[in-house]
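Listed below are the residues making up each chain.
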Amino acid sequence: QTSKKITGKVTTETGEVLAGVTVQVKGTSTIVTTNDSGSYSINVSGNETTLVFSYVGYAKQEVNVKNKTSFDVVLIEEKNELSQVVVIGYGTVKKSDLTGSVVSVKADELKAVPATSFDQALQGRAAGVQVTQLSGKPGAETSIRIRGTTSINAGNEPLYVIDGMLISSDGNDMNTGVTLGPRIGPLAAINPNDIESIEILKDASATAIYGSRGANGVVIITTKRGRAGKGSVTLDSYYGQQEIANKIHVLDAHQFGDFVNEAKLNANQTPIYVNPKNLTTTDWQDAVLRTAPMANYQLTFSGGDDKTKYSITGSYFAQDGIIKNSDFKRYSFRSNLDRDVSKRLTVGTSVTYARVTSNGVLTNAGTIVPGVVTDAMLFNPILPIYDSTVVGGYTYENDRGKLLGNPVAEVDKYNSYTVSSRFLGNIYARYKLMEGLEFKTSFGLDAFSNKENSYAPYYLKRAQASKGEASLGTVQGLTWLNENTLNYSKQFKNEHSINAVAGFTVQQFQNESLFVYAFDFPDDRTGYHDISAALNPQKPFNGESKWSLVSFFGRVNYTIKDKYLFTVTGRSDGSSKFAEGNKYGFFPSGAFAWRISKENFMKDVHAISDLKFRASYGVVGNQAIPPYQSLALVGPYGEGVFNSSQGSEVYTGREPLSYVNKDLKWESTKQLDIGVDISLFSNRITFTGDYYNKKTFDLLLSTPIPSTSGFTSTLLNVGNIVNKGFDLDLKTINTTGALKWSTSLNVSINKNEMTNLNTSTDILLPGGIILRQGLPIGTFYGYEFDGIFQSDAEAASSPVLIGQEPTSPNPASVAKAGDRKYKDINGDGVINADDRTLLGNAQPKFTWGFNNTFSFKNIDLSFFFQGSEGNKMANLNNLDLLNFTGQNNVLAEAALNRWTPENPNNKYPRALSNGSLDVGIFSSNIVEDASYIRLKNVTLAYRMPANILKKTGIQSLRIYAGATNLWTLTDYTGYDPEANTYGQSTTLIGIDYGGYPQTKTYTIGINVGF
Amino acid sequence: CKKFLTEDPKNVVAVTNFYQTEQDAVFAVNAIYAWLNSISSGSYAGVYLNSFWVTAGLASDEMNNQEIFSPYYDQTATFTYSSQNNALQEIWYTHYKTITLANIAIERIPLIQMDATLRTRLVNEAKFLRGMLYFDMVRMFGSIPLVLKESEPLTPSISSVDDIYAQIISDLSDAESLPLNYPPGDGRGRATSGAAKALLAKVYLTRGDYTNCAAKCKEVINSGEYALWDDFADVFKLSSRGGKEAIFSVGFGDAGGAIIFWEVGQFNVRLLPTALSAEGVENAQGWQVPTQDLYDSYDANDRRRAVTFVTEVHNPDGSITSIKPYIQKYWDRIAEPKANGTANDYPVIRYADVLLMLAEASNELGNTADAYTYINMVRKRARFDGTVYRDALPDYTNLSQEEFRAAVLKERRWEFVAEGQRWFDLARTHTLETLVPIAKPGVTPQTKHYLFPLPQREIDLNPNLVQNTGY
C-alpha cells in the first residue's frame, strides 16, 4: 500500500486565499486545514481517491486525486439559499429542512445602510416584517411589526434574542422621561456591524419555543464569531454627511406680511404691516438645521485554531443630528470566545459593552410651547432671531397669536443630555454526553443604566411659568437568564432522522428609577449640574419594577426520507405578572412540511430544483403588560374633614386603587401558516410564499365593568384581533458570468381587524384615531372636507359649523365665499360631531423591498428600493400650517393659492383673522395618503484585486460610496411619509406632529483586512 | 419556584400586605367617609357632593333646573328622565364604590390584631355607612345587587327589597352600639349610636313600622345628646357644624388649607344666584332654583323662608335689586363672604328630622299627644325671628289624622329644602303624582316614578340586573 503527499492552495473566486479550510480524505479521519497562505498538505493512501474541501459559507467541493499530487482549489461562495443554515430558537436547521416560517437576513445585506441600530437596517429586507423609522433623530428607535398588530394594551414589539440572551426591548423600562421626544432605542446599544445574521421567526411553529413572548414574532441576532485559521485584523470605517431630506416651504416675510394684512382686512380689522415688501425674512428652518457629519470606526480581530476561536471588536460611532445641538455617540466593544476544553466539553462567552451619549433637542408636541420643529415651521418669519433688548438676547416668542418659543433659542439654550450604558454578556458550557446527545447550560446578563438630564433657562418661553427648570432622572435595570437545554439528534438508516431539544430556563428582570426636578433658577450658569440652586424644588419620586419567568420547553423535529418533515413544539411559561392559578400558560404548535421535489414523480421535472409545502398551527402568547396588574395596590385616594365648632379634623383614607382581577391571564394568539418554498432552474429562482391567519384572543384590554365592583374599568382578557395576510419573497439570479446580476423582492400584505372589543361604544383617542369593533387599529375619524364655498349665497344656504350660520352673533364668523365646506353626513342641516366619519387607516395595505445587486469584476453596485402602499397619515402639522388666521406661518403653496374673489379655488380657504371657526378641525383635509416609494440605498463598491494587494501585506481592501434616502416618491406633504409622534404606541399610529425630520445621507467607506 | 413567581413589590402597598395594623384599620374606615364628600379624580363626585341631593330636589316639587349643558337635570326636573341619566349613573357608581369600601372594612378589620374596642367601633362605623348607603339605593332603585363581601362576582344578581332592608336594619342595629359621641378634635363627626338610631327610625318609617320608628326616635331624644338651635338661622352657620342639632353630617372644606385638594361643597356654587356677584360673591351659578310654589307656600313670617331664600341683592351703590328666590341657606355670609365653594356640612340627618319623624309615627299610631308635642317643637322654632317669637305659625291642634299627615309633610318641605329629602318624602308618602303637578304645572309623574331606572351602562354590563317597570 503506497501513500502520497498532496499539496495545493485554496482560494476564493476573487483570488483571495482561504485560511482554515478543512481538507478531508473522504471516508477517513484524515483531516488538515489550510494555513495562513491558503496552502495545505495531506497524506493520501493508495486506495483513497477523493479529497473533500469544506469551509463555512462556501459550497463543499470534492476532487478526485487520480495520480496528481498537486491541486489548487477554488471554493465557490454558497449562494444556494436552501443549503444555508438558519438559526431557530435553541438550535439551527438547514433552510431546506425548515418547517416553520423564518426569514434570514445576512450581514452583507445589513451593511448596505449605515444605521445606528440594526432594526433600522432591517427595513424592507424581510417579508412580513414592517419596520417604521419613527424619526430622523440620531439614535432614534424604530417600530417593528411582524405580521401585524396583535394587541391593544400589551406590547407589540417582537422579542429580541441576542446570542441566546432574551432582551427586553420595552423602552418604558429604560427611560425616565426627562429627555422628552422620541427615545433612544434600547437596541441602539448594539453595534450593527457586529451582527453575523438576523433570523426572524414568524409563524407559531417557529415562535412557540418562546411561548408567552412569541405572539409578536421573534428576532434572533447572532453576532460574528471567530473561525479557525489565521488571525485576521479588519478595519471598517465610513464617513457620511446628512442633510434634511425635504424642507417644508413656508411664506417669506413679504408674503407673510401680505397674508396677515389680508386676513385682517377680511375680518374688517386694520392691517398690521405697513410695507410688507421691505420686511426681512428669517428662515427659521434654516436657522436650526445643518448639514451634519456621521462617522464610524471599527477594528475587528478574529481567528483561532482548531480548539479556540475568538472575535474581538471595538468601535466608535458618532453622529451629529441635522438639528443643531443634537448628536449621538456610541463606544462599544464585543468579545466572543469559544474553546474546546476536551473532546466533549466546549465553553464560550459573548460579552458586549456599549456606552451611548446623546444631546437632544425637544421635538414633537410640548408643554406650553411645541418642540423646535413646529416652532421653526410656524414662527413669524418677520421676526429676527436675536433681540438684544430682551433678557437672554433672543426674540422671546411668536407675536402673531400661536404660542411658540424661539426655535433657535430652544436649540441653543435648552439642554438635554442622555448617557446610557449597557452590558450584555453570557457564558455557556456544552457537554457531549454521548453520540448525538448534548447538554448546554448558559448564564446571561443584560445590565443597563440610563441617566437623563435636562435644563431650560428662565428666558425660554417654555420655562415661563417655572422660571427655569431642571430635571434629572436615572434608571438602572438588570435581567438575568439561566438556560439549560438537552439536544438530541440521530439518523436512522438514512430513512428517519430525529432532532429534539428540551429545556428549562429561569429569567428575572428588575429596575429602579429616581426622578428629581426643580423650578426657578435665577442664576443660569450651573443648569442641571446644580439642582440645589433652584428656589422652588419639586417633590422627587422613584420607582421599581420586577418580573420573573420560569419556563419549560421542548421541540421534536422528525424527518422521513428527507421528504416528510414534522415539528412539534411546546413551551410552558410561568410568569409573576399573573395571579395564583393563572401564572402558567402552555403554548403548543405543530408543523408539517412535504418536500415534493424529493418524490419520485418529480425526478424528471428538471426545472424544479426544490419544492416544499409547509403548514403549521399553534398558539403563542403575549405577557407584555407592566407588573403588579393582578395585584390591587392600596393607596391614599380620598380625604376629608370632620367639622365642629372646635375646628376641622382632617382624615385620610387608604383604599385599593384598582380592581383585583385574579383571573388576569396570558393574551394568546392562534396562528395558521401555509407556505411554499420553490426553487427553479438550479436555484436561479427561489420563491417563498406564506399565507397566515393570526387570531388573538383573551386580549388584555382595559374594559368597562359594572360599578358594583367599586370600579368602572379594569384590564380584562376580552376581545379579539385578527391579522391575516401574505408574505412573499422572490430571489433571482438574473445573469452569471462576468456581469452578475441578482434581484430580490419581498412583499408583506397584512389586513388587521379588531373583531371584538367587548363594547359597541366608540373609543376616541388623540390624533383623530378611533377604536371601534370591526375596524382595523389606526383608523382615523373626523369631518369630511368638501371644498370651498365659492359664493356667499352658497355658504348661506349650506349646512355650516355652529357659529357660522347667517344668524351668528359674530358677523365675522358667518360662512362666506372662501370658507371651508364640510359634508353633512347625517343630512340634518348642521355640521357637528354627528357628521364625523371614517377617514382611512394608518396601516399599509402592503409594504415591500426591492434590491438589485450587480457585480462586474471587482465592482459591486446595489440599488435598494423600499416602500409602503395604502397607509394614511394624520398630518397634524397642517392643522397649523393650513390655519389661515395669520397666527403663525403657513404652507407657501397653500397660502399663495388661497381663495380670493379674483383667484378662487376649491382647495384652500381665504385668509381670515378673527372669526375663522374651522381652526383645529380634524378632517379629511388633515389625513393624507402616506404611501411612498423610496430609493433607500445605493452603494457602489470597488474591491482591490488580490494580486495588486499581494505586496502590501493587506489581505483585502474594499472601498465604497453610498447614499441613503436619496429619492422618495410620495404625495405626503409633511417632512417624510414615515413618522410617528407617539413612538411605538400600539393604537396611536400614523400621526405626524413636529417630529425630528428624516435625513438624506451620503457615505464613503472602507473595509481593510490585514 | 412558587416564591420566585410571587409578586412582592416593595415600593407600593398591595391589598395583600395592607389591613394589618390598627392604623390600616383606621385608614380603611376613613376611606369610606372620604367617598361621601368629594374625591380627587373624574367629576370629583363623592356620594353627597351634588347629584344625590340635586336629584332628590329636582324630582319633586322642590327645585327646577337652570344648569345648561346638563340636559339630564332638565329631564329629572320634568320626570322625563331615562336610564341614560348621568346623575343616576353617578349616584349608582358613588354609592357602590363606597359600599365596596365598607365591605372591605367590615370583612378585613375583625382579622387585625389591635385594640378590641376600637376594632369593634370601626367595624360598626363601616356598618352604619353601608346601611346608610343601601338605604339610599333601595329607596331609589328597588331591587339591586346586595354586595356585602370584598370579593363578589363581577355581575352580581339582584336581591329583593325585603332582603336589602333586612341587611340595612341588621347593619344599623349593630351600629347602635357605637359611642354616643366623640370629643371635638378626636373623631367628632364620625358615626354615633344616635346616628344609627335616627337612621333606623327613618328606615322603620319608610317601611311603615311606626312602633319601631317611634321607639328609635325616643331613644335618640332621651339620649340627651341633641337639641334644636333656638334660631333656624343658626342651623347652617359654620360654627354650628357638628353641633347639637347635627346627628350625622358629611364634612366639606379644606380645613383652612390643611387639605390642598378640592374638598369644598357645591351648595353655594349651585344654588346662589349669579346676581350676587354685586355683593362680591364669586362663582355663584344659580344652577338649581326653588320652585315658585315652594317659596309661596311659606308663611311670610316663617323664619325658615328668610333663612332659606335670597330674594334681593344689595348693590355697591346702596340700591337693592329684587330677584326671584334662590336658595341661600347653606351660605354663612359672615364666615364665607365670597361664597364660592363652601365648607358647610351636608346634613344627612339632623335633630329636627327625628322630631318630625316621631310626630309622623305617633300620628299613625294614634298617639296624638306625642304627635303634637314634637311637630310643634319644630313650628315653635320657625316662629323665632332671632330675637322674639313672632305671632305666626301657631301650634297645630285638632287635626284629623289625614290633616296631620299633610301638615307633617309640609313642615318637612319647609324645614329640609335642598337637604336631599324631598323626593324620598314624596315617594314614601306616595304623593309624587298629586303634589308635583301643583308646583310644576304640566309635569305629571307616574307610578313608575316611585323608582328610578337602573343606569343603562350597568344594565348593559350586567345581564343579571332587571330594569324597573316602565323604563
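How each quantity is defined
Residues numbered from 1 in each chain as written. Chains lettered and ligands numbered in written order. Predicted model: local features only at pLDDT ≥ 70, side-chain atom pairs only at ≥ 80, totals over all residues. Heavy atoms only, no water. Helix = DSSP H or I, 4+ residues; strand = E, 2+ residues; numbered from the N terminus. Rg over C-alpha atoms; globule rule 2.2 N^0.38 Å. Buried < 20%, exposed > 50% of the residue type's maximum accessible area, 1.4 Å probe, protein only. Contact = heavy atoms within 4.5 Å. Areas by Shrake-Rupley, 256 points an atom, 1.4 Å probe, with all protein chains shown as cover. Lys, Arg positive; Asp, Glu negative; His and termini not counted. Charge placed at Lys NZ, Arg CZ, Asp CG, Glu CD. Axes fitted to C-alpha atoms, helices over the stretch in contact; angles between N-to-C directions. Left-handed = near helix turned anticlockwise from the far one by under 90°. Nonpolar A, V, L, I, M, F, W, Y, C, P; charged D, E, K, R; others polar. Arc of directions from axis to C-beta. Buried area = accessible area lost by both parts, 1.4 Å probe. Salt bridge = Lys/Arg side-chain N within 4 Å of Asp/Glu carboxyl O. Polar contact = N/O pair within 3.5 Å; in protein donor to acceptor, adjacent residues only side chain to side chain. Phe/Tyr/Trp six-rings, centres within 6.5 Å; stacked < 30°, edge-to-face > 60°. Lys NZ or Arg CZ within 6 Å of the ring centre and 35° of its normal. Disulfide = S-S within 2.5 Å. Domains from an automatic or database assignment. Pairing = 2+ DSSP bridges. 1 Å grid on protein atoms, 1.4 Å probe; cavity = no way out; pocket = protein on both sides within 12 Å on 5 of 7 lines; lining within 4 Å. Points joined across faces, edges and corners; volume = space filled by probe spheres on them. Core = buried A, V, L, I, M, F, W, Y, C linked by side-chain atoms within 4.5 Å.

**Student:** Can you walk me through the overall build of chain B in this structure?
**Tutor:** Helix and strand counts for chain B come out as 17 helices and 7 strands. Computed over the C-alpha atoms, the radius of gyration of chain B is 22 Å, within 12% of the 23 Å expected from 2.2 N^0.38 for a compact globule of 471 residues. Seen through its principal axes, chain B has C-alpha atoms that stretch 80 × 55 × 50 Å. In chain B, which comprises 471 residues, the share counted as buried stands at 59%. Put simply, of all contacts in chain B between residues at least 6 apart along the chain, 66% involve residues at least 24 apart. In the structure as shown, chain B presents an accessible area of about 17500 Å², 51% of it carried by carbon and sulfur atoms. Counting 44 positive and 57 negative side-chain charges, chain B places the centres of these two groups 2 Å from one another.

**Student:** Would you explain the overall build of chain A in this entry?
**Tutor:** A count of helices and strands for chain A gives 11 helices and 54 strands. On C-alpha atoms alone, chain A measures out to a radius of gyration of 32 Å, which is about the 30 Å that the 2.2 N^0.38 rule sets for 1010 residues. With respect to the three principal axes, the spread of C-alpha positions in chain A is 115 × 70 × 65 Å. When each of the 1010 residues of chain A is scored for burial, the buried share is 56%.

**Student:** I would appreciate a short explanation of the packing of helix H8 (residues 210–222) of chain B against helix H12 (residues 351–365) of chain B in the present structure.
**Tutor:** Packed helices, taken two at a time, are described by the angle between their axes plus the distance between the axes. Residues and elements named next belong to chain B. For the pair H8 and H12, interaxial distance at closest approach is 9 Å and the crossing angle is 145°. The handedness of the crossing between H8 and H12 comes out as left-handed. From H8, Tyr210, Thr211, Cys213, Ala214, Cys217, Lys218, Val220 and Ile221 reach across to H12, where they touch Tyr351, Val354, Leu355, Met357, Leu358, Ala361, Glu364 and Leu365. Grouping the amino acids of the contact of H8 with H12 by side-chain chemistry returns 13 nonpolar, 1 polar and 2 charged.

**Student:** Quick question: what am I supposed to make of helix H16 (residues 432–439) of chain B here?
**Tutor:** Residue pairs spaced three or four apart in an α-helix point in one direction, given the helix's 3.6 residues per turn. Residue and element names in this part refer to chain B. Taken as a whole, H16 has its buried residues at Leu432, Val436 and Ala439. Across the axial projection of H16, the buried residues extend over an arc of 65°, all falling on one side. The inward-facing, buried residues of H16 abut helix H10 (292–297), helix H14 (401–415) and helix H15 (422–428).

**Student:** Would you take a moment to explain the interface of chain A and chain B for this structure?
**Tutor:** Size of an interface: often given as the accessible area lost when the parts come together. Each partner contributes to the interface: chain A provides 52 residues, whereas chain B provides 66 residues. Where chain A abuts chain B, roughly 4800 Å² becomes buried across the two surfaces, and 61% of that area is made up of carbon and sulfur atoms. Linking chain A to chain B there are 0 salt bridges. The interface formed by chain A and chain B includes 22 residue pairs in polar contact (both at pLDDT 80 or more).

**Student:** Even after reading the chapter, I still don't get the environment of Pro156(B), so can you show me in this structure?
**Tutor:** Tracing the backbone through its elements, the reader meets Pro156(B) in the loop between helix H5 (116–141) and helix H6 (161–175). The class of Pro156(B) is buried, set by a relative accessible area of 5%. For Pro156(B) and Asn462(B), which are 306 residues apart along the polypeptide, the C-alpha to C-alpha distance reads 7.5 Å. Discounting residues that sit within four places of it in the chain, Pro156(B) has contacts with Thr708(A), Pro145(B), Val147(B), Asn462(B) and Asn464(B).

**Student:** I'm lost on the packing of aromatic side chains in this one. Help?
**Tutor:** When we look at a pair of aromatic rings, we describe it by the centre distance and by the angle of the planes. All told, the structure shown has 62 aromatic pairs over all chains when counted by the stated rule. Here Phe854(A) and Phe863(A) contribute two aromatic rings whose centre-to-centre distance is 6.5 Å and whose plane-to-plane angle is 85°, an arrangement assigned as edge-to-face. Phe863(A) sits in the partly exposed class, given a relative accessible area of 29%. Directly above the ring of Tyr932(A) sits Arg934(A), whose terminal nitrogen or CZ lies 4.9 Å from the centroid. Between the NZ or CZ atom of Lys97(B) and the centre of the ring of Phe711(A), over which it lies, the distance is 3.6 Å.

**Student:** What exactly am I supposed to notice about the state of the cysteines here?
**Tutor:** Put plainly, two cysteines are in a disulfide when a covalent bond ties their sulfur atoms together. All names here are of chain B. Scanning all chains against the criterion turns up 0 disulfides over all chains. Here Cys217 is not disulfide-linked; the sulfur of Cys213 is the nearest cysteine sulfur, at 4.1 Å. Take Cys217: its relative accessible area is 0%, and that puts it in the buried class.

**Student:** How should I be thinking about the domain arrangement of chain A in this particular structure?
**Tutor:** Domain annotation of chain A identifies domain 1 (3–75), domain 2 (81–223) and domain 3 (784–834). Inter-centroid distance (C-alpha atoms) of domain 1 of chain A to domain 2 of chain A is 39 Å.

**Student:** Which parts of the structure should I look at to understand the sheet that holds strand E50 (residues 927–929) of chain A?
**Tutor:** Pairing between the strands of a sheet comes from backbone hydrogen bonds, and it takes one of two forms, parallel or antiparallel. Residue and element names in this part refer to chain A. Pairing is mixed across the open sheet formed by 3 strands, whose spatial order is E50-E49-E53. Each end of this open sheet is capped by a strand with a single partner; those strands are E50 and strand E53 (991–992). By the bridge criterion, 3 bridges tie strand E49 (residues 872–875) to E50 in an arrangement that is antiparallel. The residue of E50 that forms the bridge with Lys872 is Asp929.

**Student:** Looking at this structure, I do not really get empty space enclosed by the protein. What am I missing?
**Tutor:** Empty space left among the atoms is revealed by rolling a probe the size of a water molecule over them. Residue and element names in this part refer to chain A. Throughout the structure, instances matching the rule amount to 16 cavities of 30 Å³ or more. In terms of lining, the largest cavity is formed by 42 residues, of which the most central are Gln130, Thr132, Ala842, Pro844 and Thr847. Those elements that provide at least two residues to the lining of the largest cavity are strand E11 (129–133), strand E12 (142–146), strand E38 (739–756), strand E47 (846–856), strand E48 (859–869) and E49. Residue classes in the lining of the largest cavity are distributed as 15 nonpolar, 22 polar and 5 charged.

**Student:** Would you take a moment to explain unusual backbone geometry for this structure?
**Tutor:** Among all residues except glycine, the phi angle is most often negative; among peptide bonds, the trans geometry is most common. All names here are of chain A. If you check the backbone angles, Ser682 has positive phi at about 50° while not being a glycine. Counting through the fold element by element, Ser682 comes out in the loop between strand E33 (667–680) and strand E34 (685–697). With a relative accessible area of 61%, Ser682 lands in the exposed category. Of note, the phi angle at Asn965 is positive, near 55°, even though the residue is not glycine. Overall, the relative accessible area of 8% leaves Asn965 in the buried class.

**Student:** Quick question: what am I supposed to make of the nonpolar core here?
**Tutor:** Among soluble globular proteins, nonpolar side chains are generally buried collectively. Membership of the largest hydrophobic core comes to 146 residues, with the highest contact counts inside it found for Phe128(B) and Phe248(B). If you tally residues by element for this core, the top one is H5(B), at 14 residues. Summarising the domain contributions, this core has at least three residues from each of domain 1 (19–175) and domain 2 (267–344) of chain B. Formed by 48 residues, the second largest nonpolar core is a distinct cluster that contains Ala253(A), Ala263(A), Ala463(A) and Tyr975(A).

**Student:** I keep staring at the domain arrangement of chain B and nothing clicks. Help me out?
**Tutor:** Residue and element names in this part refer to chain B. Parsing chain B into structural domains produces domain 1 (19–175) and domain 2 (267–344). Taking only C-alpha atoms into account, the centre of domain 1 sits 30 Å from that of domain 2. Between domain 1 and domain 2, the residue contacts involve 12 residues of the former and 13 residues of the latter. Interface of domain 1 and domain 2: buried area, both sides summed, is about 1100 Å²; carbon and sulfur atoms make up 54% of it. Among the residues of domain 1 in contact with domain 2, Trp53, Gln66 and Glu67 are the three that bury the most area, contributing 46% of the side total. The interface formed by domain 1 and domain 2 contains 1 salt bridge. Between Glu67 and Arg270 there is a salt bridge whose closest N-O contact spans 3.0 Å.

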